[in-house]
Amino acid sequence: MKDVAAEREWLEYCIRCNESYIREYEKLIASAERQIEEERQARGKAAMVARDRIEHLTKSFIPWQQEGLKNAQESLERYRSRLDNLSFVENDGQLELVF
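Anyway, here's the lowdown on the structure attached to this text. (Residues numbered from 1 in each chain as written. Predicted model: local features only at pLDDT ≥ 70, side-chain atom pairs only at ≥ 80, totals over all residues. Heavy atoms only, no water.)

### Topic: the nonpolar core
Counting nine residues, the largest nonpolar core is built from Leu11, Ile15, Ile22, Ile29, Leu69, Ala72, Leu76, Leu83 and Leu86. Elements with a minimum of two residues in this core: helix 1 (2-39) and helix 2 (45-84). Apart from residues no more than four positions distant in its own chain, Ile29 is found in contact with Gln65, Gln66 and Leu69. The next biggest cluster of nonpolar side chains, apart from the first, holds five residues, and it includes Ala32, Ile54, Leu57 and Ile62. (Core = buried A, V, L, I, M, F, W, Y, C linked by side-chain atoms within 4.5 Å. Buried < 20%, exposed > 50% of the residue type's maximum accessible area, 1.4 Å probe, protein only. Helix = DSSP H or I, 4+ residues; strand = E, 2+ residues; numbered from the N terminus. Contact = heavy atoms within 4.5 Å.)

### Details of the side chain of Glu39
Looking at where Glu39 falls in the secondary structure, it is placed in helix 1. In terms of polar contacts, Glu39 uses its side chain to reach the side chain of Arg53, at 3.1 Å. Those residues within four positions of Glu39 in sequence are excluded, and the remaining contacts are Ala50, Arg53 and Ile54. (Polar contact = N/O pair within 3.5 Å; in protein donor to acceptor, adjacent residues only side chain to side chain.)

### Some words on the packing of aromatic side chains
Inspection of the entire model under this criterion finds two aromatic pairs. Arranged with centres 6.4 Å apart and planes meeting at 70°, the rings of Phe61 and Trp64 form a pair that is edge-to-face. Of this pair, Phe61 and Trp64 are both found in helix 2, three residues apart, which corresponds to roughly one turn of the helix. On the accessibility criterion, Trp64 (59% relative accessible area) is exposed. (Phe/Tyr/Trp six-rings, centres within 6.5 Å; stacked < 30°, edge-to-face > 60°.)

### Overview of the side chain of Asn18
Counting through the fold element by element, Asn18 comes out in helix 1. A relative accessible area of 7% places Asn18 in the buried class. Of note is the side chain of Asn18, whose polar atom sits 2.9 Å from the backbone oxygen of Cys14. Ignoring sequence-local partners within four residues, the contact set of Asn18 consists of Ala72, Ser75, Leu76 and Tyr79.

### Regarding the pattern of salt bridges
Counted according to the given criterion, the structure contains seven salt bridges. With its nearest N and O atoms 3.4 Å apart, the salt bridge here joins Lys27 to Glu24. Here Glu24 and Lys27 lie together in helix 1, a separation of three residues that amounts to about one turn. With a relative accessible area of 40%, Glu24 lands in the partly exposed category. Residue Arg53 pairs with Glu39 through a salt bridge whose shortest N-O separation is 3.1 Å. Taken as a pair, Arg53 in helix 2 and Glu39 in helix 1 lie far apart in primary sequence, 14 residues in all. Judged by its relative accessible area of 12%, Glu39 is buried. (Salt bridge = Lys/Arg side-chain N within 4 Å of Asp/Glu carboxyl O.)

### Examining helix 2
End to end, helix 2 covers 56 Å across 40 residues, agreeing with the expected 58 Å (1.5 Å per residue, within 8%). Along helix 2, the helix axis deviates most sharply at Leu57, where the bend reaches about 40°. Every buried residue belonging to helix 2 is among Ala50, Ile54, Leu57, Ile62, Gln65, Gly68, Leu69, Ala72, Ser75, Leu76 and Leu83, and all of these are buried. (Expected span 1.5 Å × (residues − 1). Bend = angle between axes of the 7 residues up to and from the residue.)

Here it is as structure tokens:
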């Protein structure tokens, strides 16, 4: 029974962590998108630097964050599915965890 409770607790913890990761990735992506819009307003010499920043954000930073977001969402789905499918069977008077 303790194993089942521990597994449930672990899955709930993993779910909370991934929900937090998702919120953070979404914030980072939104912030980068706002920065791109601000950089597009640059003029003169600042425009050259802004172009490099925009390129970094669009070709590297944002895709990296989107990949992290996707991974966190997939993990969240797996943990929720495992928690939903958590069931028990009795074996020699003991409850055992079955997936």
